[in-house]
Amino acid sequence: MATTTSSALPLARHIDGDRTGASHHITIPLPTEARPHPERFATAALAVLIHRYTGESDLLIGRQSRPDGPVETLELRAAADDTPADLLAAAADATPSEHPAAGRPCHALVCAAAAGTAGPRAALTLLVADEAYELLVSSAEFDLDAAAQYARHLRRVLTALTADRRVALRDIPLLSDEETQRILVEWNRTDEAVPPPFFHEIVTDFAHRTPDAIAVALPESALTYRDLEDRANRLAHRLAATGVRRQDRVGVCFPRGAESLIAQLACFKLAAAAILLDPDFPADRVRFMVEDAEAAAVVTLSAHEDKVSGHCPVLALDVVDWRSEPNTEVSAPVDVDDLIHICYTSGSTGAPKAVLVRFGAARNLIHSMREMTGMTAATQGTWLAAPGYGMVEVECFPVLAAGGTVHIPDTSVVAAPQLLQDWYLEKRITSTLLMKPMAERLWSLDWPADTPLADIRVCGERIQSWPPAGLPFRLINLYGSAEATTAAGCDITALGESLGAEGRARRLPPIGRPICNVRIYVLAANSVPVPPGVVGELCIAGDSLSAGYLKRPEATALRWVANPIDPARHPVLYRTGDMARYWPDGSIEIIGRVDNQLKVQGNTVQLGEIEVVTASRPGVAQAAVLAHRDGQGDVRLTAYIEPEPGSEPEVREIRRSLRAKLPAFMVPSAYVVGGLPTSVNGKIDRAALPEPPRSRPDVDSPYQEPRTDTERSLARMCAQLLELDGIGVHDNFFELGGDSLRGARLTERVRELFEIDIELGDLLHEPSVDRMAVLVDRARAY
């Protein structure tokens, strides 16, 4: 599926240092064919094994022929198309290098038996004796299971070297039948019966059984299950009268709120798909989605009508008299492959692409979330995620499908960790969903031991640190995408405690195992499973898969492929593009991406889309966009712009135009203007692009240095958060690269430093240092 380019693995690590301590010793029989040249076969076998484990081609194998002799370094090259005969010939012809790869340590070492008695001298040390090899693996670095796995696979490589020497290295089978069975079958025993009702049918059932139970709680009002069902039926009747029919697509454009849930339920009752639209997106982007999805109608509020009008009928719920419709039940027949949602994600062509989410996938997801968290009618859940994405299926729908209550806070609460914690405690929230950056901030706060909060499900990005011990709630690391909904989950609080400090230091939090009725495989480039510790592409099959991309047959064909593992039960396999590896127990750890897609503030972003939009601006010849981690660990986007000859594009104008075209999280915070370096093949050499500048960017306001102590303190805090020098008092916080998360941090620091009670919305209403200083001084005076 995808080749590996990293050697940073739990197995076969490429490190230097003292390995003279305790070690695992495992005897490997010396094949008869290898006895005339045992060192040559040992060298070739280690080269093949390291290549298969790490994907590296340029390998360094150490050789010590005498106990008191020097360690010579042999440079070997291995490629996937090479054969055992090629590697044996290379090992025979190899001569010690005088300057081995700029001093890099050896991947592995071959030495005479007497020379290795002091212990392992490389990640893998192979002792050569008359009748057998002996593999030495450092006990401090690898446990016995890892050492045994090395030995098994080295034995299989030796067999290939002495058997069919014409087979390609990529096709040498490392896994035994038993190991293959465990990886493909035992680690994917996820079959589970899911009750047949779909989400909207479950909500209808609760409306009949517990009509007065609170379904949705808002800051100033609440809806019971009877209210939710009544209004969904009335709106469904109005949509039907407008011409919406089964399998049509209806735009749903609301902020987080009861209206969005009512509109979605009305669509589902008609067996129509809800196109999830975010009113905070630029108008051109929203209109593109409405037209691209061929919406039969759009449901919204009058404040957002201008963004969705022009293509199909628009129903503004605060204007149209839809509540006069009958409340008799609407329930069109639904099939598992009918579409429940159309979710737009970032696309590499410069336009967003639509994912077609099936009713069956949503039903499986909702069931698995309820089972994973133990949700009941007593559950107090949340809706914090942005409304334009399918996270509503993960966050809200399981709560309503359990008969619980979905709480929706005021907008100012969502981006402020301290306010959010206070709101959780006030509303006695028991289960919530957070994007990774906010989850990390929440779990670092002090929590009362008797907090009602039982679990936080974390999603959006790879978690790169373990939560602290002793939290009074569970942290469940979820893995998924619009294309595969949610596919895996892991309680990283319990796992982290079981691993202990030493175990946590060796590993990053995994995504765990697949959820019910989902199969997850980590596959090599030739679509065979890789051993634990080896990086491959994560691929998914089963009930969680979406139906593909709307009007993108080529893109769909690249990702949704024929399943080579279990085609009879699950004919389709989804290639995620994520690189992953198995832990020895079958848990899965995400390593990175095979392309330039990434997560920004929990949203999937194709850097290529930002590049296309940036390059389309006047005066821009070409553009590249890179992601960098700032000092707080957040992703920041930097745009590199090469001007057209004779042009001098202004950064402020480019930034302004991008804000009109892209969601805020896709607008780069830093800009570098100049010629872009190219590689020998003429492509932009991204590795040669410089780090983002710390200098003050080109903004509309003239520079004015701070004049008062308050202004100087605020400017210093902004400079630290934005990692910029020379911030002026009139500069706009958001034009400098600020966003809601950094704004929330700034608010917290202002509260702590000045000992005042101030809200995020007030502080950033006029987001310049001088205006913030006025507000701070006024608050301090009271």
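Please read these numbers as outputs of a predicted model, since none were measured by experiment.

### Comments concerning the sheet that holds strand β29 (residues 620-629)
Then comes step 1: Judged by pairing direction, the sheet is mixed, and its three strands sit side by side in the order β29-β30-β31 without closing on themselves. Single-partner strands in this sheet number two, and they are β29 and β31 (670-673). Looking at each pair of strands side by side, their axes are set apart by 20 degrees on average, direction ignored.
Then comes step 2: Sheet topology note: the β29/strand β30 (residues 635-643) ladder contains nine bridges and is antiparallel. By the bridge assignment for β30, L626 is matched with T638.
Then comes step 3: In the packing of helix α18 (residues 607-615) onto the sheet, contacts are made with β29 and β30, and the angle to β29 comes to roughly 145 degrees.

### A few points about the nonpolar core
Then comes step 1: Counting residues in each nonpolar core, the largest one holds 135 residues, and the members touching the most others are Y133, L235 and L239.
Then comes step 2: Setting aside residues up to four positions removed in sequence, L239 forms contacts with V244, V250, A266, L270, A297, V299 and L315.

### Quick notes on the packing of aromatic side chains
Then comes step 1: A full pass over the atoms with the stated rule returns 16 aromatic pairs.
Then comes step 2: Ring geometry for F268 and F397: centres 6.1 Å apart, planes at 80 degrees, overall edge-to-face. Pair noted here: F268 is in helix α7 (residues 258-269) and F397 is in helix α12 (residues 397-401), with a separation of 129 residues, a long-range link. Pair check on accessibility: F268 and F397 agree, each one buried.
Then comes step 3: Aromatic side chains F281 and Y389 sit 6.1 Å apart centroid to centroid with 75 degrees between the ring planes, which places their arrangement in the edge-to-face category. Taken as a pair, F281 in the loop between β10 (273-277) and α8 (283-292) and Y389 in the loop between β15 (380-382) and α11 (391-395) lie far apart in primary sequence, 108 residues in all. Here the two residues F281 and Y389 agree in accessibility, since each one is buried.
Then comes step 4: Among the aromatic side chains, those forming a connected cluster through ring pairs are F198, F199, F268, F359 and F397.
Then comes step 5: Positioned above the aromatic ring of F281 is the side chain of R285, whose terminal nitrogen or guanidinium carbon lies 5.7 Å from the ring centre.

### Concerning the sheet that holds strand β1 (residues 23-29)
Then comes step 1: With mixed pairing, six strands are arranged side by side in an open sheet as β1-β6-β5-β4-β2-β3. Because the sheet does not close on itself, it has two edges, and the strands there are β1 and β3 (72-77). The sheet shows a mean angle of 25 degrees between the axes of neighbouring strands, taken without regard to direction.
Then comes step 2: Note: strand β4 (residues 108-112) against strand β5 (residues 124-128), five bridges, orientation parallel. Bridge assignment links L109 to a residue of β5, and that residue is T125.
Then comes step 3: Against the sheet, helix α3 (residues 144-162) touches β1, β5 and β6 (132-138), its axis set at about 25 degrees to β1.

### A short note on the pairing of strand β14 (residues 353-358)
Then comes step 1: Counting buried positions over the six residues of β14 gives six, a clear majority of the element.
Then comes step 2: By the alternation rule, side chains of β14 split into K353, V355 and V357 and A354, L356 and R358, which are all buried.
Then comes step 3: Looking at chain direction, strand β13 (residues 339-345) and β14 are connected through six bridges and run antiparallel. Paired with L339 across the bridge in β14 is R358.

### What to know about a negative patch on the surface
Then comes step 1: A cluster of acidic side chains, namely E259, E305, D306 and D318, defines a negative patch on the protein surface.
Then comes step 2: The residue D318 is located in the loop between β12 (314-316) and β13 in this model.
Then comes step 3: With a relative accessible area of 47%, D318 lands in the partly exposed category.

How each quantity is defined
- Residues numbered from 1 in each chain as written.
- Predicted model: local features only at pLDDT ≥ 70, side-chain atom pairs only at ≥ 80, totals over all residues.
- Heavy atoms only, no water.
- Pairing = 2+ DSSP bridges.
- Helix = DSSP H or I, 4+ residues; strand = E, 2+ residues; numbered from the N terminus.
- Axes fitted to C-alpha atoms, helices over the stretch in contact; angles between N-to-C directions.
- Contact = heavy atoms within 4.5 Å.
- Core = buried A, V, L, I, M, F, W, Y, C linked by side-chain atoms within 4.5 Å.
- Buried < 20%, exposed > 50% of the residue type's maximum accessible area, 1.4 Å probe, protein only.
- Phe/Tyr/Trp six-rings, centres within 6.5 Å; stacked < 30°, edge-to-face > 60°.
- Lys NZ or Arg CZ within 6 Å of the ring centre and 35° of its normal.
- Patch = residues over 30% accessible without salt bridge, like charges linked within 9 Å, V, L, I, M, F, W, Y side chains within 5 Å.
- Areas by Shrake-Rupley, 256 points an atom, 1.4 Å probe, with all protein chains shown as cover.
- Salt bridge = Lys/Arg side-chain N within 4 Å of Asp/Glu carboxyl O.
- Lys, Arg positive; Asp, Glu negative; His and termini not counted.
- Charge placed at Lys NZ, Arg CZ, Asp CG, Glu CD.

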